[in-house]
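A closer look at the structure
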Amino acid sequence: MLGQPIPQRAPARAAHCLGVVLLMTAVALPAMARDLPDFRGLIKENGPAVVNVRADRDNPMAMQGMPDLDSLPEPFRRFFEMPEGRRGPMPRQVPAAGSGFLISDDGYVLTNAHVVSGAEEVTVRLQDRMEYDAEVVGADQRTDVALLKIDADNLPTVRIGDDAELEVGDWVLAIGSPFGFEYTATQGIVSALSRSLPDGNYVPFIQTDAAVNPGNSGGPLFNLDGEVVGINSQIYSRSGGYMGLSFAIPISLAMDVVDQLKSQGFVERGWLGVAIQDMDQALAESFDLSRPRGALVAQVTEGGPAAEAGIRVGDVILGFDGQRIQRSSHLPPLVGATPVGREVPLTLLRDGDEITLQLTVGRLEETGALAAAELEEQNQGRLGLAVQELDEETRKSLGAEENRGVLVQDVRQGSPAAEAGLQPNDVILSFNQRDISSAEELLRQVENAEAGRSSVMLVLREQRTLFVPVRIPGEEELG
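Note that the structure is a prediction, hence the values are computed from the model and not measured.

1. Let's talk about the overall build of the protein
For the protein, the helix and strand inventory stands at twelve helices and 27 strands. Across the 479 residues that make up the protein, the buried fraction comes to 44%. Carbon and sulfur atoms make up 49% of the accessible area of the protein, which amounts to about 25600 Å² in all.

What follows is the structure, encoded as structure tokens:
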């Protein structure tokens, strides 16, 4: 009826629903918290085995015969003053700090090679603030692993895990001394596995998003079982600090280095004697691969294991010792970890067919290189360049073989050759696996190539060979 008050039931229902939601949330939050990892026990158990590593290096800025500061003009005086107004000669040694961890109760410590590189003195500080002079048993720059020894017994140690069991998304914990803040714990997940970095051809890095900063280097990376699965080694940063990309050396690789450093004082690695490059879509098409995969052989060292086994320039390595090679970066760690003198099968793609060769792995000399030639990425393009035959003097100066190759004189801007990445003074050695010894022969091969598909040139540049994919334009594209 008019004039009667309307019952106010809607707010009561809303309040009831809100109460139910809050109750459900209150119940759900503890359940979610129970599902999250609890790192407290892990940190208490393993923290005492994590150490701070200080490396004292000679100070290149140290000066002898410091001038009399009072005799210098005021504008120059501040360049020679010590911090906080102290005066005197600059310190002859500059300390650098990193992290490490104890792997045996008699004092063996694992850390990064770059932490102790060039150090005159190395000091290890434990969580109980005891300090020990450390001996560098050995360091391997290629893997960035160093083994130290302190004179002590009955020390706390970490447990070594199996990095092969890691999966992307697994929780991990890092402990170290970022910026000198000792025994700092940070957590994250495994972001990627077998990550290749430009200066780490022999290391399939574990990528994480655990916060790692300068000073964390050499510290342990733990899984949820409290086992070390990696050594925190590098970060990717545009600011010098943490940006969510951290890289750890797999512990299995590090422990192999440790065993060799203990037994012989150096690390021995396998060697193929080839330079390789990665396959992109254009190169894959040129080699009749359905998709980019494998490691393309761009150069074979004369007298090396690969040459002795019959590997040729232009072969695509698809498998090594039973392991598939999806990217060229997968090959160097596998070869490097293979015992010298071991015979292994290699699966190759040659002229469209898969073949298997037996190869005896050689020894990598420290002055040598394994297999990862740092080759520029080339863009597919359209042809358009001027070439000339090589005279004897030019051939010798460029390191070209007899009766093979033509010299690139000029590359027209915006031309197919320019788009393909060709440069003046490049030597074109072959086109679609056919040797080139004259300009006429190159022209004939290009004219016979199938339009609309990618062809491939083998180019000599600065004493190194690389494959360059080139897309041959059709008549309609030439205008």
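There is more to say after this.
2. Observations regarding a nonpolar patch on the surface
Together, L36, W171 and L224 give the surface a local cluster of nonpolar side chains, amounting to about 290 Å² of exposed area. When you line up the elements, W171 lands in strand β8 (residues 171–176).

3. Here we look at the nonpolar core
Across soluble globular proteins, you tend to see nonpolar side chains buried next to one another. F101, I103, L110 and I231 are the most contacted members of the largest nonpolar core, which totals 28 residues. Of all the secondary structure elements, the ones that give two or more residues to this core are β3 (108–111), β6 (145–150), β8, β12 (227–235), β13 (246–250) and α5 (251–264). Counting residues per element, this core draws most heavily on α5, at six residues. With residues up to four places along the chain from it excluded, the contact list for L110 reads G100, F101, I103, V145, A146, L147, G218, I231, I251, A254, M255 and V258.

4. Some words on the packing of aromatic side chains
Using the criterion set out here, one finds three aromatic pairs in the structure. Taking 6.3 Å as the distance between ring centres and 65 degrees as the angle between the ring planes, the aromatic pair formed by F39 and W171 counts as edge-to-face. A residue pair is termed long-range when its members are at least 10 positions apart, and F39 in the loop between α1 (10–35) and α2 (40–46) and W171 in strand β8 qualify at 132 residues. With a relative accessible area of 12%, F39 lands in the buried category. Classification of W171 by relative accessible area gives partly exposed; the value is 31%. Their ring planes at 85 degrees and their centres at 5.6 Å tell us that F287 and F467 sit as a pair that is edge-to-face. Separated by 180 residues along the polypeptide, F287 in the loop between α6 (281–286) and β16 (295–300) and F467 in strand β27 (residues 464–471) bring together distant segments of the chain. Note on accessibility: F287 and F467 belong to one class, buried. The ring of Y108 has K149 sitting right over it, with the charged end atom 5.5 Å from the ring centre.

5. With respect to a negative patch on the surface
Together, E120, E121, E131 and D133 make up a negatively charged patch on the protein surface. With respect to the element layout, E121 can be found in strand β4 (residues 121–125). For E121, a relative accessible area of 46% translates into the label partly exposed.

6. Considerations on the side chain of D163
When you line up the elements, D163 lands in the loop between β7 (159–160) and β8. Ignoring any residue separated from it by four or fewer positions in sequence, one finds D163 in contact with I206, V229, P250, I251 and S252.

7. Remarks on the confidence of the model for the protein
Mean pLDDT for the protein: 78, with 77% of residues reaching 70 or above. When mean pLDDT is compared element by element in the protein, strand β11 (residues 220–222) scores highest at 96, while helix α3 (residues 74–77) scores lowest at 46. Considering only residues more than four positions removed or in separate chains, one finds that residues 60–67, a stretch of pLDDT under 50, has twelve contacts. Across residues 75–87, where pLDDT falls below 50, the model places 20 contacts with residues more than four positions away in sequence or in other chains.

8. Thoughts on helix α11 (residues 439–448)
What sets the pattern is the α-helix's 3.6 residues per turn: residues three or four places apart point alike. Of all the residues in α11, the buried ones are E441, L442, Q445 and V446. End-on, the buried residues of α11 take up no more than an arc of 135 degrees, which puts them together on one face. With respect to the buried face of α11, the exposed residues turned more than 90 degrees away are E440, E447 and N448. Buried residues along α11 sit against β22 (385–389), β23 (406–411), β24 (427–431), β25 (434–435) and β26 (454–461).

9. Quick look at the side chain of S177
When you line up the elements, S177 lands in the loop between β8 and β9 (184–195). A relative accessible area of 2% means that S177 is categorised as buried.

10. Some points on the pairing of β9
Note: β8 against β9, six bridges, orientation antiparallel. Residue pairing in the sheet places A174 in a bridge with T186 of β9. Pairing analysis gives three bridges linking β9 to strand β10 (residues 205–208), with the strands arranged antiparallel. Following the sheet pairing, A192 is matched in β10 by Q207.

Parameters at a glance
Residues numbered from 1 in each chain as written. Predicted model: local features only at pLDDT ≥ 70, side-chain atom pairs only at ≥ 80, totals over all residues. Heavy atoms only, no water. Helix = DSSP H or I, 4+ residues; strand = E, 2+ residues; numbered from the N terminus. Buried < 20%, exposed > 50% of the residue type's maximum accessible area, 1.4 Å probe, protein only. Areas by Shrake-Rupley, 256 points an atom, 1.4 Å probe, with all protein chains shown as cover. Patch = residues over 30% accessible without salt bridge, like charges linked within 9 Å, V, L, I, M, F, W, Y side chains within 5 Å. Salt bridge = Lys/Arg side-chain N within 4 Å of Asp/Glu carboxyl O. Core = buried A, V, L, I, M, F, W, Y, C linked by side-chain atoms within 4.5 Å. Contact = heavy atoms within 4.5 Å. Phe/Tyr/Trp six-rings, centres within 6.5 Å; stacked < 30°, edge-to-face > 60°. Lys NZ or Arg CZ within 6 Å of the ring centre and 35° of its normal. Lys, Arg positive; Asp, Glu negative; His and termini not counted. Charge placed at Lys NZ, Arg CZ, Asp CG, Glu CD. pLDDT = per-residue confidence, 0-100. Arc of directions from axis to C-beta. Pairing = 2+ DSSP bridges.

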